[in-house]
Every structure is written in C-alpha cells, then in structure tokens.
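# Inside the fold
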Amino acid sequence: MRRPANIVQHLSKSLLLVFFAIGMLMPPDVQAQHNNDGRDTLLKKKFEKMHPIGMVIKTNILPIIWGNVPYTAEYRLVGEFMTTRGQSLSIGASYLGKSMLLILSEKSSQNKGQPVLSVNGYRVQAAYKFYFIKKNLRPEGPYLALHSSWSSARIFEKGNTADYYSGSHFNVNILFGAQVIAANKVAIDFFLGPGYKNNKWSEHIPGATKIIDITKFGLIYSGHLKFTLGFNVGITL
C-alpha cells in the first residue's frame, strides 16, 4: 500500500498535468484576456496622451456675424504646427467680407432708399505658443502665446469704387490659453489676454485722402489698450 504522502504527491502532479493541458487547449485570446484587460486600458490612455500630433487646422464661424473690423465678416483659417516639444507656431489668414448684421440691416432698409455697401479686405495673424506641459508631443494643455494681427478693409457704396473708406487694425498681444484635444481628432482652443492696438480709418476720394479722427468713436475703440477673448475649433492632422 502506498503511503499517504506519495498519494498526495501523485495527485498534485496529476492536477498540474491537467491544468497544463487545459491551458494549452485554451484559445490564445481567452488566455490573455484576463491579464491584459486592465493593462490594455492603461496603455490605450497613455498612447492617446503621448500620440504625436504635428498640425491642427482651426476656424471660428462666429466672426462671420461681426468680424474684427467694424462692418466686416471674417472667414478665418488658422494652422498650428509643432516646432519642438512643448512649442508651436500658429499662422492664420482671413478673408473679410460684409458682416451678416450689415446685410440684415440693409435688407430691412432697402425700401427706405438707403445705399447698399460693399466690403472686402483681409487679415493675417501669427502666434508662437509655449505649452506648460512640455513632455507632450502634441499642442495640448495650458499655454502662453505671443500673438500679432493685422487687418485691412475697404467699405464703399456698391457700384462706386472710386470713393471708399479704408480701415486697418494692428495689435500685438500676450495670450493665456488652453487647447483641448478630444479623441485625437477634435481640437478646441480658448484664449484671452491683454495687448496693444492701433486702429486707423481714412476716407478716399479721387485725388485726395482724409484721415478720420476715430476719437469720436469712443476711448474703447480709439485707445491703444486691447483685451482679447476668443476661441477656435479644428481638427488634427
């Protein structure tokens, strides 16, 4: 008769052989599922945070209603490009047309003999951003930016291009902002900050140009202190 110790040892070896056989017959995805579920979730989140994003294309449809320059609608396109870890360069270009508010105002007064205006112009802007989270290989998180913008527009009565008003806006700003990237595809950029501005207007008739005194428009518009508050929405590339 075998001793109890030998029987226990024999049973242990038999059980190990059975578990080994079950493990060999088990499909690979079932074998790994239990151990990898938690690890895969963590790796996915880490990958989403570290996934490099080199460029973001952004815009904002609200300035179509009323743009940076009075009476204008701004059709904006901004590209942001990573230059190094934690830094990026933004370059923007806009076409300035007639404000939606001006169009609605003209339509409501067409029967009253009011003239119909035409508006066109452009805007260029640039910003260099310093992100506080420098370990990211993507333009994400809070940042400090040095920003500059130049806008120019002409306003004239439709059909009469010889007589027109021209306005220009120049400003430099220090912006504090934050950019959020959702699902590695959608970017939302919020920003605000103080700056310096210089607005000018002039009236042009054949053979003469008259500088317009903009102090009558109020200190907020004619003064040099500027405060910027805005946002852009875009997609990553």
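Please read these numbers as outputs of a predicted model, since none were measured by experiment.

Rules used in this analysis
Residues numbered from 1 in each chain as written. Predicted model: local features only at pLDDT ≥ 70, side-chain atom pairs only at ≥ 80, totals over all residues. Heavy atoms only, no water. Patch = residues over 30% accessible without salt bridge, like charges linked within 9 Å, V, L, I, M, F, W, Y side chains within 5 Å. Areas by Shrake-Rupley, 256 points an atom, 1.4 Å probe, with all protein chains shown as cover. Salt bridge = Lys/Arg side-chain N within 4 Å of Asp/Glu carboxyl O. Helix = DSSP H or I, 4+ residues; strand = E, 2+ residues; numbered from the N terminus. Buried < 20%, exposed > 50% of the residue type's maximum accessible area, 1.4 Å probe, protein only. Phe/Tyr/Trp six-rings, centres within 6.5 Å; stacked < 30°, edge-to-face > 60°. Lys NZ or Arg CZ within 6 Å of the ring centre and 35° of its normal.

Glancing now at a nonpolar patch on the surface. A cluster of nonpolar side chains, Ile-61, Leu-62, Ile-65, Trp-66, Tyr-71, Met-100, Leu-101 and Leu-104, forms an exposed patch at the surface whose accessible area comes to about 780 Å². Its location among the elements puts Tyr-71 in the loop between strand S1 (55-59) and strand S2 (72-84). Taking the relative accessible area as the measure of exposure, Tyr-71 reaches 39% and is therefore partly exposed.

Each aromatic ring pair is described using two quantities: the centre-to-centre distance and the angle formed by the ring planes. The full count for this structure, using the stated rule, is 6 aromatic pairs. Lying over the aromatic face of Tyr-143, Lys-129 brings its terminal NZ or CZ to 4.3 Å of the ring centre. If you follow Arg-154 out to its NZ or CZ, it ends over the ring of Tyr-164, 3.9 Å from the centre.

What follows concerns the pattern of salt bridges. Using the criterion set out here, one finds 8 salt bridges in the structure. Between Glu-80 and Lys-58 there is a salt bridge, with the nearest N and O atoms lying 2.7 Å from each other. On the criterion of sequence distance, the pair formed by Glu-80 in strand S2 and Lys-58 in strand S1 is long-range, its members being 22 residues apart. Its salt-bridge partner being Glu-106, residue Lys-98 comes within 2.8 Å of it at the nearest N-O pair. Among the ionic contacts, a cluster of salt bridges with common partners joins Lys-58, Glu-80, Lys-129 and Asp-189.

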